[in-house]
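Structural characterization, general
Residue-level listing of the chains:
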Amino acid sequence: MSDPKENKKPETEASVQKQINRRNFISFTTYTVLGVAAYGGWRKLYTSPIETLGITSGAHKPLRRALNKSELFFRNFFSNNHLVKTYPKSMAAKVVRKNTSIGADSRLDAANWRLQVKKITGEVLSITIDEIKALPKTDLVFDFKCVEGWDQIQHWGGVRFADFIEHFGLHPETKLDYVGMETPDKGYYVGLDMASAMHPQTLLAYEMNDQPIPVPHGAPLRLIIPVKYGIKNLKRIGTISFSNRRPHDYWAEQGYDYYSGL
Amino acid sequence: MKTIKEKHSLIMRWTHWVNFPILTVMIWSGMLIYWANDEYKITIFGHTYVRFFPDWFYNALHIPARLAEGMAFHFLFMWFFTLNGIFYVTYTIISGAWRELVPQKKSWKEAWLVLLHDLHIRKMAPPQNKYNAAQRIAYTAIIVMGIGSVITGLAIYKPVQFYYLTWLCGGYHFARIIHFALTLGYVFFFVVHVVQVIIAGWNNFRSVISGFEVVNEKPKTAAKK
């Protein structure tokens, strides 16, 4: 589509060949340079240093930054109105899958178990399982999702974390950014952003399939938090604390995303 | 006489070649993730034909026990994959290049003729412009698949926040299966694509780098007054 007003020289075989060569040279050179640069960039990322031990560890430093940035972006979509899909009880698995019992593999001293809640005033509440069972119970049948990729419809019952907070007057604590939970032996621990902890489907569960939770599944009280992967669903809760800084988190120290939100 | 015939725009070439390494990283990191729960196989009448994936395959590619690393790479490169895709689709719509790309009514019948031609069963291929009918279908399908990967990906990445996407994909469990199957589709596409590019030859391949093809035109004597 040449401009008819433009007085172009008639193209000769040689001039066309020259143009072909020139354009090939430019594009193949650019292609090669960008290709080499991309490979160099990849090698740099692939061999980038691993984080040193901290609240998060074990990931390539640039990748950890990306995980944290992605968290900030996807937090914008978090809402208490977004609920995990629930199912009829009949669909819940009878044989509930169990991956690990890190932090909950020692013998459970059920009689002496207390839930320790560290208030920001420094006061520590020591709560028995009966006090928790006296609170309104919520049942939840939902698709439990493991970071490994499997999922299973499970039935849990317990007190909503938000109801627990309400009952024990922990409103000042919810002004902080994070909740930390640990097993009694401190072998397993998770950190949760406050919004996820206060989500209406987050439970402190003491029942599984209408029965008290068996020891391998986290007796006497475990966390069920459907807006997170299974790795955040701590078994056998020992202590709960509150903080404006990220509490330590077992799997975030092993290279996993701290947020791990669904 | 040789003449230059413009074929592929700079944006098409750019997004094509940027996508190639990104998709490679996405598939590789996806396998690191998939390994942690590698339950998919093709079983017909009780006999398992293919298991995804055999141990020799995992070991050859150093896949095992790298779930956290796989997720970290996957959740960085997903941004580049998505943005590059949005850039390409937006360009294709605005520029009007979609007219050369999306299948037409006649494409479905013609694609069959192209296939017969490519398999050396039929001598003549139907006339075409930039892309033949089979290419129109394949290249449009790969874009739809890309959109499918982003949607199923989001459905399993944030199944509670994007519950409507998860519902649209037939639930969390099924969304993961589609996400995996689409990836197998990419690999299948890649194999066919590379074979076709090799058969089509240098002039065609060069056009995706330099943007033009060289055609031999007969001297236009009659056209000149």
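Residues numbered from 1 in each chain as written. Chains lettered and ligands numbered in written order. Predicted model: local features only at pLDDT ≥ 70, side-chain atom pairs only at ≥ 80, totals over all residues.

1. With respect to the overall build of chain A
Put simply, the test is: Secondary structure counts use DSSP, requiring at least four H or I residues in a row for a helix and at least two E residues in a row for a strand, with both numbered from the N terminus. This radius of gyration counts C-alpha atoms alone. The globule rule is 2.2 Å times how many residues there are, raised to the power 0.38. Counting other C-beta atoms within 10 Å of a residue's C-beta gives its exposure: the residue is buried at 20 or more, exposed at 12 or fewer, and partly exposed in between, where C-beta atoms are placed from the backbone. Placing a C-beta atom from the backbone of each residue, one calls two residues in contact when those atoms lie within 7 Å.
Looking only at helices and strands, chain A features six helices and ten strands. Over its C-alpha trace chain A gives a radius of gyration of 28 Å, far above what one expects of a compact globule, namely 18 Å for 262 residues. By its C-alpha atoms, chain A is 100 × 40 × 35 Å across when sized along the principal axes. Residue burial in chain A is summarised as follows: out of 262 residues, 33% are buried. Partitioning the contacts of chain A with sequence separation of at least 6, the portion at a separation of at least 24 is 66%.

2. Overview of the nonpolar core
Under the convention used in this document: Put simply, a nonpolar core is buried Ala, Val, Leu, Ile, Met, Phe, Trp, Tyr and Cys residues tied into one set by C-beta atoms within 7 Å.
Met181(A), Leu203(A), Leu204(A), Ile237(A) and Ala72(B) are the most contacted members of the largest nonpolar core, which has 65 residues in total. In terms of residues, this core owes the most to one element, helix H3 (residues 67-95) of chain B, which gives ten residues. Apart from the residues lying within four places of it in its own chain, the contact partners of Ala72(B) are Ala59(A), His60(A), Leu63(A), Leu67(A) and Gly255(A).

3. With respect to the interface of chain B and chain A
Quick reminder of the rule: Three residue categories are used. Nonpolar comprises Ala, Val, Leu, Ile, Met, Phe, Trp, Tyr, Cys and Pro, charged comprises Asp, Glu, Lys and Arg, and polar comprises the others, including Gly.
At the interface, 30 residues of chain B touch 37 residues of chain A. Counting residues per element, the ones that place at least two in the side of chain B that touches chain A are strand S1 (2-6), helix H1 (10-34), H3, helix H8 (172-200) and strand S4 (212-216) of chain B. Looking at the side of chain B that touches chain A, the element that brings in the most residues is H3(B), giving eight residues. Here the side of chain B that touches chain A is composed, by residue class, of 20 nonpolar, six polar and four charged.

4. Overview of the packing of helix H5 (residues 107-118) of chain B against helix H6 (residues 133-157) of chain B
Residue and element names in this part refer to chain B. Just so we agree on the cut-off: For every element, the axis is a line fit to its C-alpha atoms; helices are fit only across the contacting stretch, and the angle between N-to-C directions ranges from 0 to 180 degrees. Orientation categories follow fixed angle ranges, with anything under 35 degrees roughly parallel, anything over 145 roughly antiparallel, 65 to 115 roughly perpendicular, and all other angles oblique.
One way to put it is that H5 packs onto H6 with a least axis distance of 7 Å and a crossing angle of 110 degrees. Judged by the inter-axis angle, H5 sits roughly perpendicular to H6. Counted together, Ser-107, Glu-110, Ala-111, Val-114 and Leu-115 of H5 and Ala-133, Ala-134, Arg-136 and Ile-137 of H6 form the full contact between these two elements. Here the contact of H5 with H6 is built from residues that sort into six nonpolar, one polar and two charged.

5. Some words on the confidence of the model for chain B
What counts here: What pLDDT expresses is the predictor's confidence in each residue, scored from 0 to 100.
Confidence along chain B averages 90 in pLDDT terms, with 97% of residues attaining 70 or more. ipTM for the predicted complex: 0.91, alongside a pTM of 0.91.

6. Quick notes on H6(B)
All names here are of chain B. For the record, the criterion: Helices are assigned an expected span. That span is 1.5 Å times one less than the residue count.
Relative to the 36 Å expected for 25 residues at 1.5 Å per residue, H6 spans 36 Å between its end C-alpha atoms, a close match to the ideal helical length. Within H6, the full set of buried residues consists of Ala-133, Ala-134, Arg-136, Gly-146, Ser-149, Thr-152, Gly-153, Leu-154, Ala-155, Ile-156 and Tyr-157. Looking at the buried positions of H6, the neighbouring elements they touch are H3, helix H4 (98-101), H5, helix H7 (163-168) and H8.

7. Comments concerning unusual backbone geometry
Of note, the bond from Ala219(A) into Pro220(A) is cis; its omega dihedral lies within 30 degrees of zero at -5 degrees. Going from Phe52(B) to Phe53(B), the amide bond is cis rather than trans, its omega being -5 degrees. Relative to the helices and strands, Phe53(B) is located in the loop between strand S3 (47-51) and helix H2 (55-60). With a phi angle near 60 degrees, Lys186(A) is a residue other than glycine that sits in the positive phi range.

8. Here's the deal with H3(B)
Spacing of three or four residues puts side chains on the same side of an α-helix, whose turn is 3.6 residues. Residue and element names in this part refer to chain B. Rules: At any given residue, the bend is defined as the angle formed between two axes, one fitted to the seven residues that end at that position and one fitted to the seven that begin there.
Here H3 is 29 residues long and its end C-alpha atoms lie 41 Å apart, about the 42 Å a rise of 1.5 Å per residue gives. The axis of H3 is deflected most strongly, by about 30 degrees, at Phe-77. Two residues or fewer after H3 comes Gly-96, characterised by a positive phi angle close to 85 degrees.

9. Digging into the pairing of strand S2 (residues 124-127) of chain A
Residue and element names in this part refer to chain A. Put simply, the test is: When DSSP finds at least two bridges between two strands, those strands are taken to pair.
Note that strand S1 (residues 115-118) and S2 share four bridges and pair antiparallel. Bridging from a neighbouring strand, Val-117 pairs with Leu-125 of S2. Between S1 and S2, which pair antiparallel in sequence order, lie five residues; one of them, Gly-122, sits at a positive phi of approximately 100 degrees.

10. Notes on the sheet that holds S2(A)
All names here are of chain A. With respect to topology, five strands assemble into an open sheet ordered S2-S1-S10-S5-S6, the strand pairing being mixed. Two strands lie at the open edges of the sheet, namely S2 and strand S6 (189-193), each paired on one side alone. Averaged over all neighbouring strand pairs, the angle between strand axes comes to 20 degrees, with direction disregarded. In this structure, S1 lies alongside strand S10 (residues 239-243), joined through two bridges in parallel fashion. In the sheet register, Gln-116 faces S10, and the bridge partner there is Thr-239.

11. Topic: the packing of H1(B) against H8(B)
All names here are of chain B. Counted only if it meets this: By definition, turning the near helix anticlockwise from the far helix through less than a right angle yields a left-handed crossing, and turning it clockwise yields a right-handed one.
The interhelical angle for the contact between H1 and H8, taken along N-to-C directions, is 135 degrees, at an axis separation of 11 Å. Relative to H8, the element H1 lies oblique. Once H1 is placed against H8, the crossing between them reads as left-handed. In this structure, H1 uses Leu-23, Ile-27, Gly-30 and Tyr-34 to contact H8, whose residues at the interface are Phe-180, Thr-183 and Tyr-186. Here the residues of the contact of H1 with H8 are counted per class, giving five nonpolar, two polar and no charged.

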